[in-house]
Amino acid sequence: MGKALMVTATDTGVGKTVVAGGLAVGFRRMGLQTGVFKPAESGVVGEPLDALFLKMCSNTPRSLEEVVPYTLREPLAPAVAAEREGVGIDLVLIGGRFRKWIEAYPITLVEGAGGLLVPLTGSFTYADLARWLDLPLLIVSRPSLGTINHTLLTVRVARAMGLRVLGVVISGYPEEPGVAEETNPAVIERMGHVKVLALIPYIPGLSTEKGELGDLEVYPWEELAAEVWERLKSKWVEE
Ligand SMILES: Nc1ncnc2c1ncn2[C@@H]1O[C@H](COP(=O)(O)OP(=O)(O)O)[C@@H](O)[C@H]1O
Ligand SMILES: [Mg+2]
């Protein structure tokens, strides 16, 4: 059975898809075929763009439907979008699809939606999903002012629910950081007792909405992938 983790974030639009896609590139470079799974994608008009991006980065021959079993029209929390659309999200189906990935791939990346307490169905959140599927978390955070609070809230809720936090990844780190951007990572590490595993720079030409990789492949994703892999393999890592 392969390993798996959930890529969550402090909010929607922070960089989950970018980091999950980048990690898929990194694991591929390490020689690990990577499964990509997004239980539900909302705000889908036409193609599910997150799922497409993940599929493109991982090179998996599996279908888009296997990457994303539920696509929902309105850009809302999946539980709300599904209810308004009259769609029933079946957790047993999601669990079964997840199993199909981890049975075949050494590493599977599960992308959440929004942040940890977003409901997937009813009042079952992505944190509940992570606990149910036994997924440790990688938390994607913004570099800017506000991120200390959002990141620490996420770390604390995760731990209160018994989830393991592999680390934090900051996405879109500016070339010329201001004082907040410069000081945030150390504060997050000290107060969150968590490691900031990478500061991913702002990558030119990259757009998950346009399905464009831009300079994504220029970044040394294998370094982050190797670090994440080490943490996944060992239960006890010094923070
Ligand atoms: N490191 C980065 N460099 C350039 N653009 C980024 C970066 N991280 C995120 N983005 C952009 O920010 C937007 C939101 O990122 P995305 O990964 O789709 O967020 P999420 O999956 O958390 O909703 C997208 O337009 C994406 O291309
Ligand atoms: Mg996304």
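It should be emphasised that the depicted structure is a prediction, and the values quoted were computed from it without experimental measurement.

## Here we look at helix H1 (residues 16-29)
For H1, spanning 14 residues, the distance from its first C-alpha to its last is 20 Å, which sits close to the expected 20 Å at 1.5 Å a residue. Extensive coverage of H1 is indicated by the burial of 12 of its 14 residues. Within H1, the full set of buried residues consists of Lys16, Thr17, Val18, Val19, Ala20, Gly21, Gly22, Leu23, Ala24, Val25, Gly26 and Phe27. Phi turns positive one or two residues past the end of H1, at glycine 31, with a value near 90°.

## Looking at the environment of serine 144
Along the chain, serine 144 falls in the loop between strand E8 (137-141) and helix H7 (147-160). Judged by relative accessible area, serine 144 falls into the partly exposed class, the value being 26%. Residues serine 144 and glycine 172, 28 residues apart in the sequence, show an inter-C-alpha distance of 9.3 Å.

## So, the sheet that holds strand E2 (residues 34-37)
Strand order across the open sheet formed by 6 strands is E2-E5-E1-E8-E9-E10, with parallel pairing between neighbours. Looking along the sheet, the strands with just one partner apiece sit at the ends: E2 and strand E10 (196-201). In this sheet, neighbouring strand axes are inclined to one another by 25° on average, regardless of whether the strands run parallel or antiparallel. Examined bridge by bridge, E2 and strand E5 (residues 107-111) share 4 bridges and lie parallel to one another. Looking across to E5, one finds that phenylalanine 37 is bridged to valine 110. Contacts between helix H2 (residues 49-58) and the sheet are confined to E2 and E5, with E2 contributing the most and set at about 180° to the helix.

## As for the site of ligand 1
Around ligand 1 sit 18 residues, and of these Gly13, Thr17, Ile203, Thr208 and Glu209 come closest. One nitrogen or oxygen atom from the main chain of valine 14 is found 3.2 Å from an oxygen atom belonging to ligand 1. Protein chains bury 87% of the 560 Å² of accessible surface belonging to ligand 1 in isolation. More than half of the atoms belonging to ligand 1 lie within 2 Å of the grid points that define the largest pocket. Elements with a contribution of two residues or more to the shell around ligand 1: H1, strand E9 (165-173) and E10. Class assignment of the residues belonging to the shell around ligand 1 gives a composition of 7 nonpolar, 8 polar and 3 charged.

Definitions and limits used
Residues numbered from 1 in each chain as written. Chains lettered and ligands numbered in written order. Predicted model: local features only at pLDDT ≥ 70, side-chain atom pairs only at ≥ 80, totals over all residues. Heavy atoms only, no water. Helix = DSSP H or I, 4+ residues; strand = E, 2+ residues; numbered from the N terminus. Expected span 1.5 Å × (residues − 1). Buried < 20%, exposed > 50% of the residue type's maximum accessible area, 1.4 Å probe, protein only. Pairing = 2+ DSSP bridges. Axes fitted to C-alpha atoms, helices over the stretch in contact; angles between N-to-C directions. Contact = heavy atoms within 4.5 Å. Near = heavy atom within 4 Å. Polar contact = N/O pair within 3.5 Å; in protein donor to acceptor, adjacent residues only side chain to side chain. Areas by Shrake-Rupley, 256 points an atom, 1.4 Å probe, with all protein chains shown as cover. 1 Å grid on protein atoms, 1.4 Å probe; cavity = no way out; pocket = protein on both sides within 12 Å on 5 of 7 lines; lining within 4 Å. Sits in = over half its atoms within 2 Å of the grid points. Nonpolar A, V, L, I, M, F, W, Y, C, P; charged D, E, K, R; others polar.

Such coordinate-based values are descriptive only and should not be taken to indicate function.
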